[in-house]
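# A structural walkthrough
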4 protein chains.
Amino acid sequence: MERKILLNDCPDEKGLIAKITNICYKHQLNIIQNNEYVDNETGRFFMRTELEGIFCDEPFLTDIDQALPKGSRRQLIDSKRKRIVILVTKESHCLGDILMKAFDGSLDVDIQAVIGNHDNLCALTEKFCIPFHLVSHEAKDRDTHEQELIAAIDRYQPDYIVLAKYMRILTPDFVARYPHRIINIHHSFLPAFIGARPYHQAYSRGVKIIGATAHFVTNDLDEGPIVGQNVIHVDHTFNAEEMARAGRDVEKSVLSQALHQILEDRVFVQGNKTVIL
Amino acid sequence: MERKILLNDCPDEKGLIAKITNICYKHQLNIIQNNEYVDNETGRFFMRTELEGIFCDEPFLTDIDQALPKGSRRQLIDSKRKRIVILVTKESHCLGDILMKAFDGSLDVDIQAVIGNHDNLCALTEKFCIPFHLVSHEAKDRDTHEQELIAAIDRYQPDYIVLAKYMRILTPDFVARYPHRIINIHHSFLPAFIGARPYHQAYSRGVKIIGATAHFVTNDLDEGPIVGQNVIHVDHTFNAEEMARAGRDVEKSVLSQALHQILEDRVFVQGNKTVIL
Amino acid sequence: MERKILLNDCPDEKGLIAKITNICYKHQLNIIQNNEYVDNETGRFFMRTELEGIFCDEPFLTDIDQALPKGSRRQLIDSKRKRIVILVTKESHCLGDILMKAFDGSLDVDIQAVIGNHDNLCALTEKFCIPFHLVSHEAKDRDTHEQELIAAIDRYQPDYIVLAKYMRILTPDFVARYPHRIINIHHSFLPAFIGARPYHQAYSRGVKIIGATAHFVTNDLDEGPIVGQNVIHVDHTFNAEEMARAGRDVEKSVLSQALHQILEDRVFVQGNKTVIL
Amino acid sequence: MERKILLNDCPDEKGLIAKITNICYKHQLNIIQNNEYVDNETGRFFMRTELEGIFCDEPFLTDIDQALPKGSRRQLIDSKRKRIVILVTKESHCLGDILMKAFDGSLDVDIQAVIGNHDNLCALTEKFCIPFHLVSHEAKDRDTHEQELIAAIDRYQPDYIVLAKYMRILTPDFVARYPHRIINIHHSFLPAFIGARPYHQAYSRGVKIIGATAHFVTNDLDEGPIVGQNVIHVDHTFNAEEMARAGRDVEKSVLSQALHQILEDRVFVQGNKTVIL
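Residues numbered from 1 in each chain as written. Chains lettered and ligands numbered in written order. Predicted model: local features only at pLDDT ≥ 70, side-chain atom pairs only at ≥ 80, totals over all residues. Heavy atoms only, no water.

### Let's talk about the interface of chain C and chain A
Just so we agree on the cut-off: Should any heavy atoms of two residues lie within 4.5 Å, those residues are counted as being in contact. Throughout, buried area stands for the accessible area (probe radius 1.4 Å) lost by two parts on being put together, summed over both. For this document, the term salt bridge refers to a Lys or Arg side-chain nitrogen within 4 Å of an Asp or Glu carboxyl oxygen. Whenever two N or O atoms come within 3.5 Å, that pair is a polar contact, provided that in protein one can donate a hydrogen and the other can accept it, and provided that, for residues adjacent in sequence, both atoms are side-chain atoms. Helix and strand definitions here come from DSSP, where helices need a minimum of 4 consecutive H or I residues and strands a minimum of 2 consecutive E residues; each element is numbered from the N-terminal end.
Of the residues lining the interface, 33 residues belong to chain C; the matching set on chain A comes to 33 residues. Between chain C and chain A, the buried area comes to about 2700 Å², and carbon and sulfur atoms account for 55% of it. Counting the contacts that link chain C with chain A gives 2 salt bridges. For the pair chain C and chain A, the number of links is 21 residue pairs in polar contact (both at pLDDT 80 or more). Broken down by secondary-structure element, the contributors of at least two residues to the side of chain C that touches chain A are β2 (30-39), α7 (198-205), β11 (226-233) and β13 (273-276) of chain C. Broken down by element, the side of chain C that touches chain A gets its largest block of residues, 7 residues, from β11(C).

Laid out in structure tokens, this is it:
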């Protein structure tokens, strides 16, 4: 008995659930968990089905593909542990939380490597017996630096690239290379405080809540599809540094939680939004 | 074109989703929204399907019933607005919130009457042109009082009875008369502070959070299936009265939110728990 | 025995707490509650002292004023209930919550009148025996309309003007007339979604939290000092209308809570920020 | 220039703030931050004053002691980093969070040692170059085990002992040895689910929120003064194991946050409650 996940993302039409679940039934696959959603604005149908049984992928998928309308994006995903590469700069809290959760099994993930543009987090990474690569940006133009990054990343063939407080902007070429596979944590409740130094912006504006946003990276800076957000309350006694300190716990938990959902193949991207089933 | 909701609650077995959605498809009923859940502990299957189309209830339900296993509880619910009767004592905030939300349409409900064992809330109720009945408990034994309550309630044939800070305990006979149809708001995060004066208990214990719980009423006091809960943070500066004042907003929003889910037929009761689809 | 509140807002210097509390002690005034804060960025000292005793205001304040540095803003406030006028357009939930809380005493305030630019909320207001004035903006230029508003407001001499979903922009002249005395509820977690239709903006952006902000009104639209904010979680199943519906509870509780703090004289304005003691 | 913290906890009487701040002023000590609270139920006064200047402790404290009423508990605390010993069993998340926060400086603390009754967390602890001691309870009576624990703890002379998911009950003798110096994290929102296996209790009861409580340990199991609590929302899809997994983030953040407040000398214990200034 194996477990696999069937993802469907296609134009909505009558009878889709019946057709898909019929095929699962016909192939003697048991539905462990099933979630669907129809987006009325776009007329698009999303479905995530956890299946258990003895899989003959080819005939099963042939049946599925015949049942689905044109314009479908369909995947059958096995339960292999996903591989990630983590990019960092100097701050340790998001990296530390992922390392710790992978260590104790809370996060079912295979951290292939950590890559930093500074070497501050080398010692921490290596405590967990994970390779750390320094790919410094200094004295290089942006393209050269990104070519080195890509080389460092690609030899691990990761499913996802996690920006755990990686503080450099990525070029469209880099982003296009890994579509919907780069996850970033932004330290504000987007779209508030887009851009640099959000805690300083928050302090200047005198807000009473600060937050964090995990999102897929697209070409439009801080505009990619949001996976998760959360906030904490602050008051007049917090300056920008204290906001930053208080914000660390929410940053790391928002990133880990988003990553958890992505690793369970629950997150569909639709335009600049996500559907999470 | 009509809208109806099909609820299924039955022993789980392979192919249930396929069977049910096939029948909907065969009867040309479009699935607007579908949610299912299998409880692995009890092996029970729950499904809520919002359907749109031209309904011929009898043949449709005959097909559904043939498809379902023994021990199924199945309902097809039309979109008629639900009727409620509200029971109160002296506090106005939960009643006020429901009155206001029915008034502005946030809560799609038909408030048939408000019944109080004191007359404090008569004036408020009548502002909204809803009948108020005083059914005083004074100088009566419990049975006589409940017989009067039942008489007052039953002439309205309500779908649900809402205890909006009704401060008297109901007998098993009363509760048995309206199974899973009485909703209560308890002013603590159950199971903490069962029983009387929860804010005083909370103050004595020195807690840093207080809360509220909306639940169906069963014979076991404060032990009925929980529909919703929420909390707020307090600190050492709150005494019992200030906790009570601060708790009002969370009480009323938890009760209204639970009621909203119940009125949309999203809440299944299973033993002393709820499944909310 | 009377209760009054002493507010101090002055440049910080050594010994201020000692000086002020000494004077209270000398005048036999008991300190019920005392809160101070020094803003290190601006070097400004804020203090709120609840006093109980027999007050001889003149000699007490003479002593206080001699003790304070130049540039002090000092107030001694008696415990008279504050007067407010509420401005509305069509939506009832914020108005309804304030009416209900004034009715049951949760909010210690004297609602003098409600003024609408539409007449939708007349019936609701009058249920609570509070005068409603229609000051329509139709077929009038902005100045004429505001002159009529001012006339309607000023005959009540309110301490504060509450914009409870008043959907028109106020001119600088209007705002300047009531400095730090106009409180608005904005239906987003500012500074996200400044401007019109924030729920539509939120829906388009695909956010996972929506919120509300209570703030003092200044000339810069949506830029005034923030008093309170809160958020709720949403997901992909919410369209703009459902976000608006879900947001109502957080809007009304944020506004009521901010108003509660303002009415207790806890909110100091400093530039575009607030200090809440 | 040095920084110290003056803590006062004494019977309330008129003029206390004036007297204490006068003495600070007289000794040329600048008040960086001052917080007071009077508990009206017990008539007790609490004050925490952060001072900056050149300290002559003896004459300053002589003045303070003469000013305070009988029954005062007064401390002047220097800014030396506090020392802790952490007790663990098998679960790593709370230990991991404290290790990581001490590592990156978010928590200003000196972890002297980690002591486990199992050796599971030895490797994790030693990654951070902190000594780990196994003090197994197996094949020993409770007293012998605790004597060994005490010996292991006392050679480090810690300010506080942190139970980071230490799953054994401590005897009154052990607790009495470290009054108000043992901090525990309990994985429920106390007083709900006192005792063993709270997530299983929560699952059986069908609650919609789960939580965590950080408290000082006293003889009455799970009854000690609460420092902090927080909760997260769950639904019918969570079984006990999933609640436990989801609860880890809230457990670790509640414990770290409580520890942060204790390390900053903000937490006063009064009976079975805390006052946090």
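### A short note on the environment of D:Ile23
Residues and elements named next belong to chain D. Looking at the element boundaries, Ile23 is found in helix α1 (residues 16-26). Taking the C-alpha atoms as reference points, Ile23 and Phe60, 37 residues apart in sequence, are found 7.4 Å from one another. If we skip the residues at most four places from it in the chain, Ile23 touches Phe60, Asp63, Ile64 and Ala67.

### Notes on the confidence of the model for chain A
Where we set the bar: Every residue carries a pLDDT, the predictor's confidence in it, which falls somewhere between 0 and 100.
Scored by pLDDT, chain A has a mean of 95; 100% of the residues are at 70 or more. Among the scores for the predicted complex, ipTM is 0.92 and pTM is 0.95.

### A closer look at the relation of the copies chain C and chain A
Which entries qualify depends on this criterion: Alignment of copies: least-squares fit on C-alpha atoms of residues with pLDDT of at least 70 in both copies.
Turning chain C through 180° and shifting it by 0.0 Å along the axis lays it on chain A, with an RMSD of 0.0 Å. This pairing of chains is accounted for by a two-fold axis. Of every C-alpha in chain C, the one belonging to C:Ala192 sits nearest the axis of rotation, 2.2 Å from it. Of the residues that chain C buries at the interface, 100% are likewise interface residues in chain A, meaning the two copies contact each other through the same surface.

### Thoughts on the sheet that holds strand β8 (residues 160-163) of chain A
Residues and elements named next belong to chain A. Just so we agree on the cut-off: DSSP bridges decide pairing: two strands pair if at least two such bridges lie between them. Orientation is described by axes fitted as lines to C-alpha atoms, over the contacting stretch for helices, and by angles from 0 to 180 degrees between their N-to-C directions.
Strand order across the open sheet formed by 7 strands is β7-β6-β5-β8-β9-β10-β11, with mixed pairing between neighbours. Two strands lie at the open edges of the sheet, namely β7 (132-134) and β11 (226-233), each paired on one side alone. Geometrically, the sheet is characterised by an average inter-axis angle of 20° between neighbouring strands, direction not taken into account.

### Observations concerning the relation of the copies chain A and chain D
Turning chain A through 180° and shifting it by 0.0 Å along the axis lays it on chain D, with an RMSD of 0.0 Å. Residue by residue, 100% of the interface of chain A is reproduced at the interface of chain D, so both copies engage with the same surface.

### Here we look at the UniProt feature "active site" (unreviewed entry) in chain A
Residues and elements named next belong to chain A. In plain terms, the rule: UniProt positions are given in the numbering used here, feature names are shortened, and annotations may be inferred rather than shown by experiment. Accessibility here uses a 1.4 Å probe with only protein chains present; expressed as a share of the type maximum, an area under 20% marks a residue as buried, one over 50% as exposed, and anything in between as partly exposed.
Under the local residue numbering, the UniProt record ascribes the feature "active site" (unreviewed entry) to Asp222. Take Asp222: it is sitting in the loop between β10 (209-216) and β11. In this structure Asp222 comes out as buried when scored by relative accessible area, which is 7%.

### Section: the packing of helix α1 (residues 16-26) of chain A against helix α1 (residues 16-26) of chain B
Using the following cut-off: Put simply, a crossing is left-handed when the front helix is turned counterclockwise from the back one by less than a right angle, and right-handed when it is turned clockwise. Throughout this entry, Asp, Glu, Lys and Arg are counted as charged residues, while Ala, Val, Leu, Ile, Met, Phe, Trp, Tyr, Cys and Pro are counted as nonpolar. The remaining residues, Gly among them, count as polar.
Viewed as axis vectors pointing N to C, α1(A) and α1(B) meet at an angle of 145°, and their least axial separation amounts to 8 Å. As α1(A) packs across α1(B), the resulting crossing turns out to be left-handed. Along its contact with α1(A), which presents A:Ile17, A:Ala18, A:Lys19, A:Thr21, A:Asn22 and A:Tyr25, the element α1(B) presents B:Ile17, B:Ala18, B:Lys19, B:Thr21, B:Asn22 and B:Tyr25. Taken together, the residues that form the contact of α1(A) with α1(B) break down as 6 nonpolar, 4 polar and 2 charged.

### With respect to the sheet that holds strand β3 (residues 44-53) of chain B
Residues and elements named next belong to chain B. Read across the sheet, 4 strands follow the order β2-β3-β1-β4 without closing on themselves; strand pairing throughout is antiparallel. Of all the strands in the sheet, the pair left with one neighbour each is β2 (30-39) and β4 (73-78). Ignoring strand direction, the axes of neighbouring strands in this sheet form an average angle of 10°. Here strand β1 (residues 2-11) runs beside β3; their pairing, made up of 10 bridges, is antiparallel. If you follow Arg3 over to β3, its bridge partner there is Glu52. Helix α2 (residues 57-67) rests against β1, β3 and β4 of the sheet, and its axis sits at about 155° to β4.

### Observations concerning the packing of aromatic side chains
Which entries qualify depends on this criterion: Between 30 and 60 degrees the pair is tilted, below 30 it is stacked and above 60 it is edge-to-face, where a pair is any two Phe, Tyr or Trp rings, Trp via its six-membered ring, whose centres lie within 6.5 Å. Charge-over-ring placement is defined geometrically: NZ (Lys) or CZ (Arg) within 6 Å of the ring centre, and within 35 degrees of the ring normal.
Counted under the stated rule, the structure contains 20 aromatic pairs over all chains. On the basis of an interplanar angle of 70° and a centroid distance of 5.4 Å, the ring pair of B:Phe46 and B:Phe268 is categorised as edge-to-face. Taken together, the positions of B:Phe46 in strand β3 and B:Phe268 in strand β12 (residues 267-270) put the pair 222 residues apart, joining distant regions of the chain. Across the pair, B:Phe268 and B:Phe46 agree in class, each one buried. Cluster of aromatic residues (ring-pair linked, three or more members): A:Phe103, A:Phe128, D:Phe103 and D:Phe128. When the ring centre of B:Tyr203 is taken as reference, the NZ or CZ atom of D:Lys273 above it lies at 3.3 Å.

### Focus on the interface of chain A and chain D
Counting residues at the interface gives 18 residues for chain A and 18 residues for chain D. Taking both partners together, chain A and chain D bury about 1700 Å²; carbon and sulfur atoms supply 52% of that area. On the chain A side of the interface with chain D, the three residues burying the most area are A:Met100, A:Lys127 and A:Arg245, jointly 32% of the side's total. At the boundary of chain A and chain D, one finds 4 salt bridges. Here D:Lys252 and A:Asp97 are joined by a salt bridge, their closest N and O atoms 2.5 Å apart. Counting across the interface, chain A meets chain D through 13 residue pairs in polar contact (both at pLDDT 80 or more). Elements represented by at least two residues in the side of chain A that touches chain D include exactly α3 (93-104), α4 (122-127) and α8 (240-263) of chain A. Ranked by residue count, the leading element in the side of chain A that touches chain D is α3(A), at 7 residues. Tallied by class, residues from the side of chain A that touches chain D come to 4 nonpolar, 6 polar and 8 charged.

### Re the UniProt feature "domain: ACT" (unreviewed entry) in chain A
As annotated in UniProt, the feature "domain: ACT" (unreviewed entry) corresponds to residues 5-87 of chain A in the numbering used here. The span residues 5-87 of chain A shows a helical share of 27% and a strand share of 47%, and its end C-alpha atoms are spaced 28 Å apart.

### So, the domain arrangement of chain A
All names here are of chain A. Definition in use: As used throughout, domain bounds are those supplied by an automatic or database domain assignment.
Taken as a whole, chain A is organised into domain 1 (2-78) and domain 2 (82-276). Of note, the centres of domain 1 and domain 2, computed from C-alpha atoms alone, are 31 Å apart. Contacts between domain 1 and domain 2 engage 17 residues on the former and 9 residues on the latter. Across the interface of domain 1 and domain 2, roughly 870 Å² is buried in total on both sides, 55% from carbon and sulfur atoms.

### Concerning the environment of C:Thr218
Residue and element names in this part refer to chain C. You can see Thr218 is positioned in the loop between β10 (209-216) and β11. Classification of Thr218 by relative accessible area gives partly exposed; the value is 25%. Taking the C-alpha atoms as reference points, Thr218 and Gly96, 122 residues apart in sequence, are found 25 Å from one another. Those residues within four positions of Thr218 in sequence are excluded, and the remaining contacts are Val175, Glu223, Gly224 and Pro225.

### Regarding α7(C)
The test is simple: An arc is given here, and it is the one of the directions from the helix axis to the C-beta atoms.
Looking only at α7(C), the buried set comprises C:Pro198, C:Tyr199, C:Ala202, C:Tyr203 and C:Arg205. Along α7(C), the residues classed as buried sweep out an arc of 165° about the axis, all on the same side. Buried residues belonging to α7(C) abut β2 (30-39), β11 and β13 (273-276) of chain A together with β9 (182-186), β10 and α8 (240-263) of chain C. Phi turns positive one or two residues past the end of α7(C), at C:Gly206, with a value near 75°.

### Quick look at unusual backbone geometry
Residues and elements named next belong to chain B. With an omega of 5°, the peptide bond between Leu190 and Pro191 qualifies as cis. Locating Pro191 in the fold gives a position in the loop between β9 (182-186) and α7 (198-205). A positive phi angle is found at Ala139, which is not glycine, with a value near 60°. Position of Ala139 among the secondary structure elements: in the loop between β7 (132-134) and α5 (142-154). Accessibility expressed as a relative area gives 89% for Ala139, which makes it exposed. One non-glycine residue, Asp265, lies in positive phi territory at about 55°.

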